[in-house]
Amino acid sequence: MTGISSLTNSSATSNASNSTNALANLSQTADKFLTLLTTQLKNQDPLSPMDSTQFTTQLVQFSAVEQSITTNKNLEKLISLQTGNQVSQATTYIGHTIRANGSSQQLQNGAATFGYNLSATAQATSIAITDSTGKVVFHGVGETATGDHSFSWDGKDDNGIQLADGTYKITVGAVDRQNQPVTVTTQVGGKVTGVEVDSSGPVLLIGSVKVNMSDITSVES
């Protein structure tokens, strides 16, 4: 399906394979046990018969393990169905512009727009942008009023040098008149270009930026 990454969720397949292998191994072990038990019964001393308690307990244990493996297989089927439904839901976002809680944004053609929200009025707000290595490449001053704000970055560092397109992260700090920290929530946005499935489930892609569906705050178009 177009827009879905070739990196698929292999954990469900792996788990199913593990359960199938475990059930097959258990079956082989049980067969060997029954063969050995039958041989022992055939060759037991009639005057001193075997104690049935031990092998009866073993058979009960085999049955319990088999039931546990079967339960795991059923759970894996449910997880696989749930993941499939989540992927189907995720693909409906492809082509739409969204906003989501997050701090990483794609710099494209020398432009990137970040969003942030101040929980209260700030005395001062600082903005820092880091590259993929964690190096701070830009420092700036932000808005101080309570509420949502937008910050457009032209992709130039503190020395005015144009940086290459790629993924960058914004960090916003704010303090009030008492020099106490103000809670800041950063947001990112853009057009969803695809869906990728990892061990935690499907995530949306805005270029190379990954966004969890649970972090979406709005769908703009």
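What counts, and where the lines are drawn
- Residues numbered from 1 in each chain as written.
- Predicted model: local features only at pLDDT ≥ 70, side-chain atom pairs only at ≥ 80, totals over all residues.
- Heavy atoms only, no water.
- Pairing = 2+ DSSP bridges.
- Helix = DSSP H or I, 4+ residues; strand = E, 2+ residues; numbered from the N terminus.
- Axes fitted to C-alpha atoms, helices over the stretch in contact; angles between N-to-C directions.
- Salt bridge = Lys/Arg side-chain N within 4 Å of Asp/Glu carboxyl O.
- Buried < 20%, exposed > 50% of the residue type's maximum accessible area, 1.4 Å probe, protein only.

Undergrad: Quick one: what's the story with the sheet that holds strand E9 (residues 194-198), residue by residue and with numbers?
TA: Backbone hydrogen bonds hold the strands of a sheet together, and the pairing may be parallel or antiparallel. As summarised here, the arrangement of the three strands in space is E9-E10-E11, forming an open sheet in which the pairing is antiparallel. In this open sheet, the two edge strands, each paired with only one partner strand, are E9 and strand E11 (209-212). In this sheet, adjacent strand axes meet at a mean angle of 40° when their direction is disregarded. Where E9 and strand E10 (residues 201-206) come together, five bridges link them in antiparallel fashion. Directly across from Glu-196, in E10, lies its bridge partner Val-203.

Undergrad: Help me get a handle on the pattern of salt bridges, residues and values and all.
TA: All chains considered together, the criterion is met by two salt bridges. In this structure, Arg-99 and Glu-220 form a salt bridge, with 3.9 Å as the shortest nitrogen-oxygen distance. Placement of Arg-99 in strand E1 (residues 97-101) and of Glu-220 in the segment after strand E12 (216-219) is noted, with a sequence separation of 121 residues between them. Linking Lys-210 and Glu-196 is a salt bridge whose minimum nitrogen-to-oxygen distance equals 2.8 Å. Residue Lys-210 is located in strand E11, and its partner Glu-196 is located in strand E9; the two are separated by 14 residues in the primary sequence.

Undergrad: Go over unusual backbone geometry, please, and point to the residues and values.
TA: Non-glycine residue Asn-109 carries a positive phi angle of around 55°. With a phi close to 60°, Asn-179 is a non-glycine residue in the positive phi region. Tracing the backbone through its elements, the reader meets Asn-179 in the loop between strand E7 (166-175) and strand E8 (184-191). Relative accessible area serves as the criterion here: at 59%, Asn-179 is assigned to the exposed category.

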